[in-house]
Amino acid sequence: MKTRLSTSDDIPNILLIIEDAKAYLASQKIDQWQKGYPNTEQVKNDIKNGESYVVVSDDNVVMATSMFTINKEPTYKVIAGNWLVDEIYIYGVIHRMAIKKEFRKFGLATFMFHEFHLQLLEKKIQSLKIDTHEENIGMQSLIKKLGYQYCGIIYTGYGDKRWAFEKVIS
């Protein structure tokens, strides 16, 4: 299994995984990703920007997807709380992480976080930030287990409230 940059050929598989995740969140009564986001255009844009990643099995099955970037996240400029590392420094950001339903509980999210941490270490970037819905207890549990700290509340570009977390990578 490996993590690689997504290509346009991966779009159908990425969209299937995202639709699956939307259904899963809805079944948990979590209002995250229920208003048309993420969508095809967002995925295409992530790929065009070199910020879309997939985890593929040894026989090239797309098992998971995520957006990862070291470009600043505009919605992180204003936080009701405090980031661990000042906003003026370069940091990593994760968005739109989802696992294909057949591969949930196999540790793929942890695998992706680890891969992104390694990329940041190679670039000598010391911080990774992520936000999630306040009711997405599964993601919150994972990121806390991985050493992320709750930093406060941010609002997405479309006005939704999200809990923000950060980890100092060392």
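Use the structure listed above.
This write-up is about the structure you can find in this document. Predicted model only: the values in this text are computed from it and were never measured.

## So, the nonpolar core
Step number 1: With 25 residues, the main nonpolar core has I94, M97, F113, L128, I130 and Y148 as its most contacted residues.
Step number 2: For this core, the secondary structure elements donating two or more residues are β2 (52–56), β3 (62–69), β5 (92–99), α3 (108–122), β6 (127–132) and α4 (137–145).
Step number 3: Counting 16 residues, the second-largest nonpolar core is a separate cluster that includes L15, L25, V43 and I47.

## Concerning the pattern of salt bridges
Step number 1: The tally for this structure, following the rule as stated, stands at 11 salt bridges.
Step number 2: Between K22 and E19 there is a salt bridge whose closest N-O contact spans 3.4 Å. Pair noted here: K22 and E19 are both in helix α1 (residues 11–27), with a separation of three residues, about one helical turn.
Step number 3: Here K22 falls in the buried class, since its relative accessible area comes to 11%.
Step number 4: The residue D46 makes a salt bridge to R96 at a minimum N-O spacing of 2.8 Å. With D46 in helix α2 (residues 40–48) and R96 in strand β5, this residue pair connects regions lying 50 residues apart in the sequence.

## Let's talk about the environment of L84
Step number 1: Within the secondary structure, L84 sits in the loop between β4 (80–81) and β5.
Step number 2: Linking L84 and N39, residues 45 residues apart in sequence, is a C-alpha distance of 31 Å.
Step number 3: In contact with L84, other than residues within four places in its own chain, are Q149, C151, E166 and V168.

## Here we look at the sheet that holds strand β7 (residues 149–155)
Step number 1: On the basis of which strands lie adjacent, the open sheet formed by eight strands has the order β1-β2-β3-β5-β6-β8-β7-β4 and mixed pairing. The strands lining the two open edges of the sheet, one partner per strand, are β1 (2–5) and β4.
Step number 2: By the bridge criterion, two bridges tie β4 to β7 in an arrangement that is antiparallel. Directly across from G81, in β7, lies its bridge partner G152.
Step number 3: Along the sheet, α1 makes contact with β2, β3 and β5, crossing β3 at roughly 90°.

## Describing the packing of aromatic side chains
Step number 1: Under the defined criterion, the tally for this structure stands at nine aromatic pairs.
Step number 2: When the centroid spacing of 5.3 Å and the interplanar angle of 45° are considered together, the rings of Y37 and Y158 count as tilted. Here Y158 lies in the loop between β7 and β8 (161–168) and Y37 lies in the loop between α1 and α2, a separation of 121 residues in the sequence.
Step number 3: When the centroid spacing of 4.3 Å and the interplanar angle of 5° are considered together, the rings of F68 and F116 count as stacked. With F68 in strand β3 and F116 in helix α3, this residue pair connects regions lying 48 residues apart in the sequence.

Rules used throughout
Residues numbered from 1 in each chain as written. Predicted model: local features only at pLDDT ≥ 70, side-chain atom pairs only at ≥ 80, totals over all residues. Heavy atoms only, no water. Core = buried A, V, L, I, M, F, W, Y, C linked by side-chain atoms within 4.5 Å. Buried < 20%, exposed > 50% of the residue type's maximum accessible area, 1.4 Å probe, protein only. Helix = DSSP H or I, 4+ residues; strand = E, 2+ residues; numbered from the N terminus. Salt bridge = Lys/Arg side-chain N within 4 Å of Asp/Glu carboxyl O. Contact = heavy atoms within 4.5 Å. Pairing = 2+ DSSP bridges. Axes fitted to C-alpha atoms, helices over the stretch in contact; angles between N-to-C directions. Phe/Tyr/Trp six-rings, centres within 6.5 Å; stacked < 30°, edge-to-face > 60°.

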